[in-house]
Amino acid sequence: MFRALILATVSLAAAAALAIPVMAAPSVQTVRVKESNYRISLSAKPRAGAVKFVVRNGSDDGHDFWLKGGGKTWKTRVLGGGGSASLTAKLKKGVRYTYWCAVSDHAEEGMKGSFVAR
Ligand SMILES: [Cu+2]
C-alpha cells in the first residue's frame, strides 16, 4: 500500500518533469543560412515570432549577413571561409524582411533576398 503510494508519487513527479520543459520552452524557429559566392539560401521560410538564424559561410571569401524589417536591423560580423555566427530576431507577422551580404558588391551579385513573416 505504502509502496504503491510512493510509486504513484514518483510517476506523477516524472510526468511533471517531462511536461514542464515542453510547456516552458519558448518556441524559437531555427533557420539555417548558407552563404556562398554569390548566393544566400535559407533552409526554411522564417515565421513570425522568435527566429534564430544560424549563418554559415560555405565559401572561401568573407561574407556577412544583414536582416532588416519592421524598423529593425540585425547583422553578423564578417565571417571568414567556413565561419559561422547566429542571430536571433523577433519577426512581426505580415512584415517584409530583406536580407543581404554587405561585403563589397555581393548583394548586387545576388547575395540578397526577402520574405514576409507569416
Ligand atoms: Cu558576401
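What you are looking at is a predicted structure, and each value in this text was computed from that prediction instead of being measured. (Residues numbered from 1 in each chain as written. Predicted model: local features only at pLDDT ≥ 70, side-chain atom pairs only at ≥ 80, totals over all residues. Heavy atoms only, no water.)

Novice: Lay out the pairing of strand S7 (residues 96–100) in plain terms, naming residues and giving numbers.
Specialist: Only one face of S7 is buried, namely the one carrying Tyr97 and Tyr99, since none of Arg96, Thr98 and Trp100 on the opposite face is buried. Note that strand S4 (residues 66–69) and S7 share 3 bridges and pair antiparallel. Bridge pairing links Leu67 to Tyr99 in S7. Relative to strand S8 (residues 112–116), S7 is paired through 5 bridges, and the arrangement is antiparallel. Its bridge partner lying in S8, Trp100 is registered against Lys112. (Buried < 20%, exposed > 50% of the residue type's maximum accessible area, 1.4 Å probe, protein only. Helix = DSSP H or I, 4+ residues; strand = E, 2+ residues; numbered from the N terminus. Pairing = 2+ DSSP bridges.)

Novice: Mind laying out the coordination of the copper ion, listing which residues take part and the relevant values?
Specialist: Within the protein, His63 (ND1), Cys101 (SG) and His106 (ND1) serve as the donor atoms for the copper ion, at 1.9 to 2.1 Å. Mapped onto the sequence, the residues coordinating the copper ion show the spacing H-x37-C-x4-H. (Donors = N, O, S within 2.8 Å, 3.2 Å for Na, K, Ca; no water.)

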